[in-house]
Amino acid sequence: MPKTHISIHTTSNDSILKFEADRFLTNHNSFEFSNIDEAKDSPLAQQLFYLPFVKKVYIASNFVAIERFNIVDWKDVQDEVAKQLEDYLSSDGIVVTEEAIKPKAAVTVYAESTPNPNVLKFVCNKVLVANLYEFSSIEDAKPSPFATELFQFPFVKNVFIDKNYVSITKFDIIEWEEITLQLREFIKGFVENGKTILNDNAIQQLNKTEEAIEQKFEALDDTSKNIVNILEEYVKPAVASDGGNIEFKSYDETSKKVQVLLQGACSGCPSSTFTLKNGIENMLREMLNDREITVDAINN
């Protein structure tokens, strides 16, 4: 392949220098990378991030623009960078992979109100998780980079993720109209950029494997199994539409008391504890043919 020549051009920003090639580098596409992980589909950008002063890399049709950290001056390193680019491109190095060029399906996120005034449900057109997860603090959220970043917002109190939506509980210090757009744009950008929702070991770490769930179910007595099945079939779909969940905790055969955990939008909802407690209680009494059953609903 003929040698690629690079010319250096300044920009209006002293931190950014433009390295222009005498040929096209991309098929009229533009890319921006803020770190080596984001640059996984650009071997060229990844190589540049090994330079300690590189802060951002922009790749357009016939140039590479680099933003530097202030630890160096461009005059001290620009010729070295230009030569590195020339050598890489002249040896037919890959600029961006085919994966990066593929058109990405549009991600949509919309907000839904819930019966709980402190909880808003953000629904995505992409599957986020296979099982439900709830995190009540940034410490809890370690298995989920997505939830961890949400807790960086000072008004986020609780994060509940299920299938294709996330229910966010806010503190009372702020109103939804002030933060809804900000949260929606953050979630949309996070999913669009293919960032990690859950770490690879989160399912094992949080005991959410199919095997663990099955073992937990099989360890229950017959009445508890019936209660779990009733909740799964008749209760969970309804509360999921409101951004919440009802989880079976225990059944005491002597006292006939059932404990359920309210999660997501159900937790702390002014009306849900009473309404769901009585609704579930009546359903269980009828379906299990036992009028002595009572239900204790616990807010997570």
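Here, the structure is the one placed above.
A short tour of the structure in this document, coming up. What you are looking at is a predicted structure, and each value in this text was computed from that prediction instead of being measured. (Residues numbered from 1 in each chain as written. Predicted model: local features only at pLDDT ≥ 70, side-chain atom pairs only at ≥ 80, totals over all residues. Heavy atoms only, no water.)

Re the overall build of the chain
From N to C terminus, the chain includes nine helices and 13 strands. The C-alpha extent of the chain, read off along each of the three principal axes, is 85 × 40 × 30 Å. Sorting the 300 residues of the chain into buried and exposed places 43% on the buried side. Taking as baseline every contact in the chain between residues at least 6 positions apart, the subset at least 24 positions apart corresponds to 58%. For the chain, the exposed area adds up to about 16,300 Å²; of that, 49% sits on carbon and sulfur atoms. Across the chain, the centroid of the 30 positively charged side chains sits 2 Å from that of the 47 negatively charged ones. (Helix = DSSP H or I, 4+ residues; strand = E, 2+ residues; numbered from the N terminus. Buried < 20%, exposed > 50% of the residue type's maximum accessible area, 1.4 Å probe, protein only. Contact = heavy atoms within 4.5 Å. Areas by Shrake-Rupley, 256 points an atom, 1.4 Å probe, with all protein chains shown as cover. Lys, Arg positive; Asp, Glu negative; His and termini not counted. Charge placed at Lys NZ, Arg CZ, Asp CG, Glu CD.)

Describing helix α2 (residues 74–90)
Quick reminder: α-helices carry 3.6 residues per turn. Residues three or four places apart thus point the same way. The end-to-end C-alpha distance of α2 is 23 Å, a good match for the 24 Å that 17 residues give at a rise of 1.5 Å each. Buried residues along α2 sit in contact with β1 (6–10), β2 (16–21), α1 (43–49) and β5 (63–68). (Expected span 1.5 Å × (residues − 1).)

Side note on the nonpolar core
Ranked by internal contacts, the top residues of the largest apolar core, which has 32 residues, are Phe146, Leu150, Val166, Ile168, Leu183 and Ile187. For this core, the secondary structure elements donating two or more residues are β7 (119–124), β8 (133–135), α4 (145–150), β9 (156–162), β10 (165–170) and α5 (176–192). If you tally residues by element for this core, the top one is α5, at seven residues. Among the nonpolar cores identified, the runner-up in size contains 28 residues, and Phe19, Phe31, Leu48 and Ile59 belong to it. (Core = buried A, V, L, I, M, F, W, Y, C linked by side-chain atoms within 4.5 Å.)

None of the figures reported here should be taken as evidence of function without further support.
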